[in-house]
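Residue-level structural notes
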Amino acid sequence: MLDSSEVPRCEIFSDATNVRESLHFHPSQLPTPGTPLDDEKPKRRISQSDETPTKKPRLMVAESSRGNDEIDVVVKRRGCRRTVFRTLDLASNGYPAKPHRMLLPSRNILQSFVSSHTSDVFKCHSRTVDSYVTPPYACAYSNEAKRGGVPLLAVATEQGSIHILDATKRKEWDCEPARVTLEPHDNGIFDVKWNADDTLLATASGDKSTRISSVETQQLLSILDGHTSTVKCVAWDPAHRDLLTTGGRDGMLCLYDLRVNNLSDQDEIPARSAVITITAAHGQDKVSGGRQKIRPLPRGITNILYPDDRPHGLVSSGSFDGILHYWDLRLPSNKSSKRSPKKPSHNPLFSSIMDPTICHGARSRGITSMSQGTGPSAGLLFALGADSRLYIYSYPTLTPLRTETHPNLQTNSFYVRLATSPCGRWLASGSTSLAGSLFLFDISNAGRIAPSYGKRADEPISPTVRFRGQSGEIGAVDWAKDMVASCADDGTVRIWRPDLEVYQNCISNSEEQKWDWFWSA
């Protein structure tokens with residue numbers, strides 16, 4: 001922005017975007033309150049019949065401290081009336097009701113995350129004698145850990161076991177705290193979630209079932225049936241402690257109510273059926289079998305989440321494209337005498353208006369994981385595409401806004417997950433590269449950056465920080481307060497914490513500290 005003593009600065013403030021622009025005028029070109037515009041009485045200009053009356057901006061002259069020859073003029077546009085309906089409309093479209101400020105980038109904080117070789121590494125022990133460790137598929141911190149309590153981390157493995165780890169920071173010479181191990185499945189567990197009060201764990205498995213286990217008694221309480229293929233994701237309803245929904249590779253969404261007594265005894269463990277089932281939630285693949293009738297295959301469900309501000313609502317993503325669906329689970333099913341496999345049993349309340357993945361390739365790519373923004377990133381949904389890109393959607397409209405990427409980010413696998421920090425400023429993502437890379441994004445200003453703020457649509461929100469401390473693919477990630485966990489194919493779970501003093505020591509003495517710590521690449 002140019003600023004000289006001969007050309008005063010004029011700032012335009014717009015109520016819509018709070019964008020500051022620079023205009024240059026000479027003092028002789030601007031009227032002042034102390035001098036009349038004309039010797040005669042000012043006359044009101046009468047507009048023609050074909051003209052549209054326009055509102056003129058107000059001019060205000062500010063005193064300048066740089067000299068008598070300089071004049072600072074502030075041009076303010078008239079603000080629109082903030083009625084109740086306009087305020088609700090702006091809030092629903094992601095616009096803040098009050099002027100917002102840009103948050104300072106936190107790249108220096110993300111770079112200070114470090115991980116110890118001894119006190120921040122946990123191994124997922126195998127249940128069989130032919131191997132020592134087993135790959136972890138999913139992980140989830142307890143709700144209390146996200147609020148700053150005891151950081152309990154549930155890790156789901158390929159063999160169907162759950163390890164509940166205590167990730168409290170400890171000294172290097174301290175022993176690992178005692179862990180709790182559950183074995184609810186005999187097949188791989190692809191998702192694990194804590195309920196609202198951290199007393200139950202829900203696990204989605206490749207054995208076509210979801211199971212509920214008690215953390216206190218370590219007993220299996222019930223089995224949730226209804227899927228015909230692998231169950232890929234599970235989510236608890238935050239507003240109702242007895243409701244949870246699952247999504248599977250069979251394209252079905254199943255809603256379960258633990259209060260409903262639709263039990264059936266199966267191996268002395270009660271089995272429950274779904275109270276609401278949505279078939280072909282994301283459509284079905286087109287097949288051409290000629291004369292032979294071939295039943296179309298449904299497109300799998302990859303991730304689901306309950307929005308924090310809307311009860312009874314559910315957002316789902318699929319393996320075929322980047323279109324998200326919002327479901328109102330209170331709506332009744334479509335009435336028909338015969339259930340047709342070609343049509344879904346429910347219709348989404350609304351969906352994304354376009355598929356953002358087709359803008360960067362010849363065909364659509366699916367979404368591997370989703371995460372909801374909070375705090376400074378509230379009103380946004382972050383989705384990780386199978387084309388190694390991070391897509392940002394507005395909520396609740398589910399409109400694609402922009403995309404992010406990194407040269408070393410690879411997410412061409414549906415095992416890679418995404419997680420938002422409890423403060424809402426950071427985002428963690430795994431990667432399918434064999435180098436074992438963890439990526440942290442700064443999303444503090446993700447909802448505030450637009451081309452009018454000086455950034456192009458393809459310009460990154462903030463430089464991404466990359467961490468390398470494990471071998472193989474990093475799939476599952478999750479945040480607690482002031483820490484993030486990453487799970488790799490080498491059978492290890494690594495905890496990363498911000499520690500500026502240790503990070504500076506690692507930078508200054510890298511050859512010596514590399515035997516004790518990992519830090520940002």
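Residues numbered from 1 in each chain as written. Predicted model: local features only at pLDDT ≥ 70, side-chain atom pairs only at ≥ 80, totals over all residues. Heavy atoms only, no water.

Looking up the protein chain in an unreviewed UniProt entry gives the name WD40-repeat-containing domain protein, with the organism given as Suillus plorans. Quoted verbatim from the Sequence similarities (unreviewed entry) field of the UniProt record, the comment on the protein chain reads "Belongs to the WD repeat cdt2 family." Looking at the Pathway (unreviewed entry) heading of the UniProt record, one finds this comment for the protein chain: "Protein modification; protein ubiquitination." (UniProt positions renumbered as here; feature names shortened; annotations may be inferred.)

So, the overall build of the protein chain
Regarding its fold elements, the protein chain presents 5 helices and 36 strands. In the protein chain, buried positions account for 47% of the 521 residues. Taking all contacts inside the protein chain whose residues are at least 6 apart in sequence as the whole, residues at least 24 apart take part in 53%. Looking at the protein chain as shown, the accessible area adds up to about 27900 Å², and 51% of this sits on carbon and sulfur atoms. (Helix = DSSP H or I, 4+ residues; strand = E, 2+ residues; numbered from the N terminus. Buried < 20%, exposed > 50% of the residue type's maximum accessible area, 1.4 Å probe, protein only. Contact = heavy atoms within 4.5 Å. Areas by Shrake-Rupley, 256 points an atom, 1.4 Å probe, with all protein chains shown as cover.)

Comments concerning the sheet that holds strand β8 (residues 152-157)
Two strands in a sheet stick together by hydrogen bonds in their backbones, pointing the same way (parallel) or opposite ways (antiparallel). Reading across the sheet, the 4 strands line up as β7-β8-β9-β10 and stay open at both edges, with antiparallel pairing between neighbours. The sheet is open, and its two borders are formed by β7 (136-141) and β10 (180-182), each paired with just one other strand. When the angles between neighbouring strand axes are averaged without regard to direction, this sheet yields 20°. (Pairing = 2+ DSSP bridges. Axes fitted to C-alpha atoms, helices over the stretch in contact; angles between N-to-C directions.)

Some remarks on unusual backbone geometry
Between Tyr395 and the following residue, Pro396, the backbone shows a cis peptide bond with an omega angle of 15°. Relative to the assigned elements, Pro396 resides in the loop between β27 (390-394) and β28 (400-404). Positive phi, normally seen in glycine, also occurs at Ala280, with a value near 50°. Relative to the helices and strands, Ala280 resides in the loop between β20 (276-278) and β21 (301-305). Of note in the backbone geometry, Leu398 takes a positive phi value of approximately 60° without being a glycine. Along the polypeptide, Leu398 turns up in the loop between β27 and β28. Residue classification places Leu398 among the buried residues on the basis of a relative accessible area of 0%.

Observations concerning the pattern of salt bridges
A side chain with one charge may pair with a side chain of the opposite charge, provided their charged atoms come close. Applying the stated criterion across every chain yields a total of 16 salt bridges. Two residues, Arg497 and Asp120, come together in a salt bridge whose shortest N-O distance is 3.2 Å. Placement of Arg497 in strand β35 (residues 492-498) and of Asp120 in the loop between β5 (113-116) and β6 (121-123) is noted, with a sequence separation of 377 residues between them. Between Arg259 and Asp242 there is a salt bridge, with the nearest N and O atoms lying 3.8 Å from each other. Of this pair, Arg259 sits in the loop between β17 (253-257) and β18 (263-266) while Asp242 sits in the loop between β15 (231-236) and β16 (243-248), and the two are 17 residues apart along the sequence. Of the residues examined, Asp242 reaches a relative accessible area of 19% and is grouped as buried. (Salt bridge = Lys/Arg side-chain N within 4 Å of Asp/Glu carboxyl O.)

A short note on the UniProt feature "repeat: WD" (unreviewed entry) in the protein chain
Under the feature "repeat: WD" (unreviewed entry), the UniProt entry names residues 182-223, 224-266 and 467-496. Helix makes up 0% of residues 467-496 and strand 67%. Its end C-alpha atoms lie 9 Å apart.

Thoughts on the nonpolar core
If you look at the biggest cluster of nonpolar residues, it comprises 16 residues, and the most contacted ones within it are Tyr141, Leu153, Val155, Val493 and Ile495. With 3 residues, the single largest contributor to this core is strand β34 (residues 483-488). When near neighbours in sequence (up to four residues on either side) are disregarded, Val493 contacts Asp120, Val121, Phe122, Cys124, Pro136, Leu153, Val155, Gln470, Ala485, Ser486 and Cys487. Membership of the second largest hydrophobic core comes to 15 residues, among which are Leu438, Leu440, Val465 and Ala488. (Core = buried A, V, L, I, M, F, W, Y, C linked by side-chain atoms within 4.5 Å.)

A look at the side chain of Ser116
Note on placement: Ser116 falls in strand β5. On the accessibility criterion, Ser116 (1% relative accessible area) is buried. Excluding residues within four positions of it along the chain, Ser116 makes contact with Val121, Glu172, Arg494, Asp516 and Trp517.

Examining the environment of Gly436
Tracing the backbone through its elements, the reader meets Gly436 in the loop between β30 (426-429) and β31 (437-442). Residues Gly436 and Gly469, 33 residues apart in the sequence, show an inter-C-alpha distance of 6.5 Å. Ignoring anything within four residues of it in the chain, the contact list for Gly436 reads Phe467, Arg468, Gly469, Gln470, Gly472 and Ile474.

Some details on the side chain of Asp478
As for its placement among the helices and strands, Asp478 is situated in strand β33 (residues 474-480). For Asp478, the side chain forms a polar contact with the main-chain nitrogen of Tyr141, separated by 2.6 Å. Here the side chain of Asp478 touches Lys146 through a polar contact of 3.2 Å, side chain to side chain. (Polar contact = N/O pair within 3.5 Å; in protein donor to acceptor, adjacent residues only side chain to side chain.)

Let's talk about the packing of aromatic side chains
Under the definition given, this model contains 9 aromatic pairs. Ring plane angle 65° and centroid distance 6.5 Å describe the contact between Phe113 and Phe467, whose orientation is recorded as edge-to-face. On the criterion of sequence distance, the pair formed by Phe113 in strand β5 and Phe467 in strand β32 (residues 465-468) is long-range, its members being 354 residues apart. For Phe113, a relative accessible area of 0% translates into the label buried. (Phe/Tyr/Trp six-rings, centres within 6.5 Å; stacked < 30°, edge-to-face > 60°.)

Here's the deal with helix α4 (residues 500-508)
Val502, Tyr503 and Cys506 are the residues of α4 that are buried. The arc that holds every buried residue of α4, seen down its axis, measures 100°, which confines them to one face. For α4, the exposed residues set more than 90 degrees away from the buried face come down to Glu501 and Ser508. Looking at the packing, one finds that the buried side of α4 touches α2 (107-111), β5, α5 (510-513) and β36 (517-518). (Arc of directions from axis to C-beta.)

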